[in-house]
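Architecture and fold: a report
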Amino acid sequence: ETGVTQTPRHLVMGMTNKKSLKCEQHLGHNAMYWYKQSAKKPLELMFVYNFKEQTENNSVPSRFSPECPNSSHLFLHLHTLQPEDSALYLCASSQGGGGAAETQYFGPGTRLLVL
Amino acid sequence: AQSVSQHNHHVILSEAASLELGCNYSYGGTVNLFWYVQYPGQHLQLLLKYFSGDPLVKGIKGFEAEFIKSKFSFNLRKPSVQWSDTAEYFCAVKNTDKLIFGTGTRLQVFP
């Protein structure tokens, strides 16, 4: 347990569905992240939130929409996804403030399958 | 752009063998370096990290890594692996708030 939880752990959805992934951290951190982990590829940073403000959008398609209502919760809203979006989606958190010395703590991930 | 290379994609060892996993990065400035491990079915967790000071860093479970600035490398080592070390290992580099990962090395240890 790292103090970062993600729900659901597994999700199967059709290309026309709308679903949301949820991440919650219990570490008192102020920065939260979404990553995509695909087979044989490096983890790809998708979004960064610092103190509830989005500070990074790594050229992610608009069918992925993040939301950070407070510093403990992070959502990823999914809409009209493609089969190539199937992957493990990881949430992480860190102290916040952008310091290079910060360590990121990861959640267990949501395994997403798009049919 | 920064990048991280892990040249060993899949390593198979017997218990008690020594381990060295390669990691090279491309960035000329000050960097912070990390090794994360992902055990089967579990989340990514920090193994060790380097920020400054002694370039030989010791982490959990007997792992260590050496930062060699002239070679842009941060190789992970363990003198004697155990079956429980079977996992995927990720090297990462960070200079601001972006953590750049390598593709990972899958380690299988057989008893």
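Before going into details, it helps to say that this report is about the structure given with it. (Residues numbered from 1 in each chain as written. Chains lettered and ligands numbered in written order. Predicted model: local features only at pLDDT ≥ 70, side-chain atom pairs only at ≥ 80, totals over all residues. Heavy atoms only, no water.)

**Topic: the nonpolar core**
Nonpolar side chains in soluble globular proteins generally cluster together in the buried interior. Note the threshold: Side-chain atoms within 4.5 Å are what join buried Ala, Val, Leu, Ile, Met, Phe, Trp, Tyr and Cys residues into a set we call a nonpolar core. The cut-offs for exposure are 20% and 50% of the maximum accessible area for each residue type, with area from a 1.4 Å probe on protein chains only; residues under the lower value are buried, those over the upper are exposed, and the others partly exposed. In this text, helices come from DSSP runs of H or I with a minimum length of four residues, and strands from runs of E with a minimum of two, each type numbered from the N-terminal end.
Ranked by internal contacts, the top residues of the largest apolar core, which has 28 residues, are Trp-35, Leu-48, Leu-76 and Tyr-89 of chain B. Mapped onto this core, the elements with two or more residues apiece are strand E2 (10–14), strand E3 (19–21), strand E5 (32–38), strand E6 (45–50), strand E8 (64–68), strand E9 (73–78), strand E10 (87–94) and strand E12 (105–110) of chain B. Tallying contributions element by element places E10 of chain B first for this core, with four residues. Ranked by size, the runner-up nonpolar core spans 22 residues in total, among them Leu-11, Cys-23, Cys-91 and Leu-112 of chain A.

**Describing the side chain of Gln-6 of chain A**
Residue and element names in this part refer to chain A. Applied cut-off: Polar contact is defined as a pair of N or O atoms within 3.5 Å, subject to the rule that within protein one atom must be able to donate a hydrogen and the other to accept it, and that residues adjacent in sequence are counted only when both atoms are side-chain atoms. Contacts between residues were defined by any pair of non-hydrogen atoms, one from each residue, lying within 4.5 Å.
Residue position: Gln-6 is located in strand E1 (residues 4–7). Owing to a relative accessible area of 3%, Gln-6 belongs among the buried residues under this scheme. Polar side-chain contacts of Gln-6 include one of 3.0 Å to the backbone oxygen of Tyr-89. Polar contacts involving the side chain of Gln-6 include one to the main-chain amide nitrogen of Gly-109, which spans 2.9 Å. When near neighbours in sequence (up to four residues on either side) are disregarded, Gln-6 contacts Lys-22, Cys-23, Trp-34, Tyr-89, Leu-90, Cys-91, Gly-107, Pro-108, Gly-109 and Thr-110.

**Description of the interface of chain B and chain A**
Inclusion rule: Buried area is calculated as the accessible area (1.4 Å probe) missing from two parts once they are joined, with the contributions of both summed. A side-chain nitrogen of Lys or Arg and a carboxyl oxygen of Asp or Glu constitute a salt bridge if their distance falls within 4 Å.
Taken together, the contact between chain B and chain A spans 20 residues of the former and 28 residues of the latter. Overall, the association of chain B and chain A removes approximately 1,800 Å² of surface from exposure, summing both partners, and the carbon and sulfur fraction of that is 55%. Where chain B touches chain A, the interface holds one salt bridge. We note a salt bridge from Glu-56 of chain A to Lys-98 of chain B, for which the minimum N-O separation is 3.4 Å. At the junction of chain B with chain A, the criterion picks out five residue pairs in polar contact (both at pLDDT 80 or more).

**Structural notes on the pattern of salt bridges**
Side chains carrying opposite charge are able to pair once their charged atoms draw close together. Applying the stated criterion across every chain yields a total of seven salt bridges over all chains. Between Arg-63 of chain A and Asp-85 of chain A there is a salt bridge, with its nearest N and O atoms 2.7 Å apart. Residue Arg-63 of chain A is found in the loop between strand E6 (53–57) and strand E7 (64–70), and its partner Asp-85 of chain A is found in the loop between strand E8 (73–79) and strand E9 (87–94); the two are separated by 22 residues along the sequence. Owing to a relative accessible area of 2%, Asp-85 of chain A belongs among the buried residues under this scheme. The partner of Glu-64 of chain B in a salt bridge is Lys-58 of chain B, with the nearest N and O atoms 2.9 Å apart. Given a relative accessible area of 18%, Glu-64 of chain B falls into the buried group.

**Topic: the state of the cysteines**
Keep this limit in mind: Working definition: a disulfide is two cysteine sulfur atoms within 2.5 Å of each other.
Inspection of every chain in the model, using the stated rule, returns two disulfides over all chains. Note on cysteine connectivity: Cys-23 of chain A is disulfide-linked to Cys-91 of chain A, with sulfurs 1.9 Å apart. Here the disulfide of Cys-23 of chain A and Cys-91 of chain A is left-handed, its torsion about the S-S bond being about -75°. In this pair, Cys-23 of chain A is assigned in strand E3 (residues 18–25) and Cys-91 of chain A in strand E9, connecting sequence segments 68 residues apart. On the basis of relative accessible area, Cys-91 of chain A is assigned to the buried category, the value being 0%. Sulfur-sulfur distance for the disulfide between Cys-23 of chain B and Cys-91 of chain B comes to 1.9 Å. Disulfide Cys-23 of chain B-Cys-91 of chain B: torsion about the S-S bond near -65°, hence left-handed. Remark: Cys-91 of chain B occurs in strand E10 and Cys-23 of chain B occurs in the loop between E3 and strand E4 (24–26); sequence separation between them is 68 residues. As far as burial versus exposure is concerned, Cys-23 of chain B and Cys-91 of chain B are alike and both buried. No disulfide involves Cys-68 of chain A; its sulfur sits 9.1 Å from the nearest other cysteine sulfur, which is in Cys-91 of chain A.

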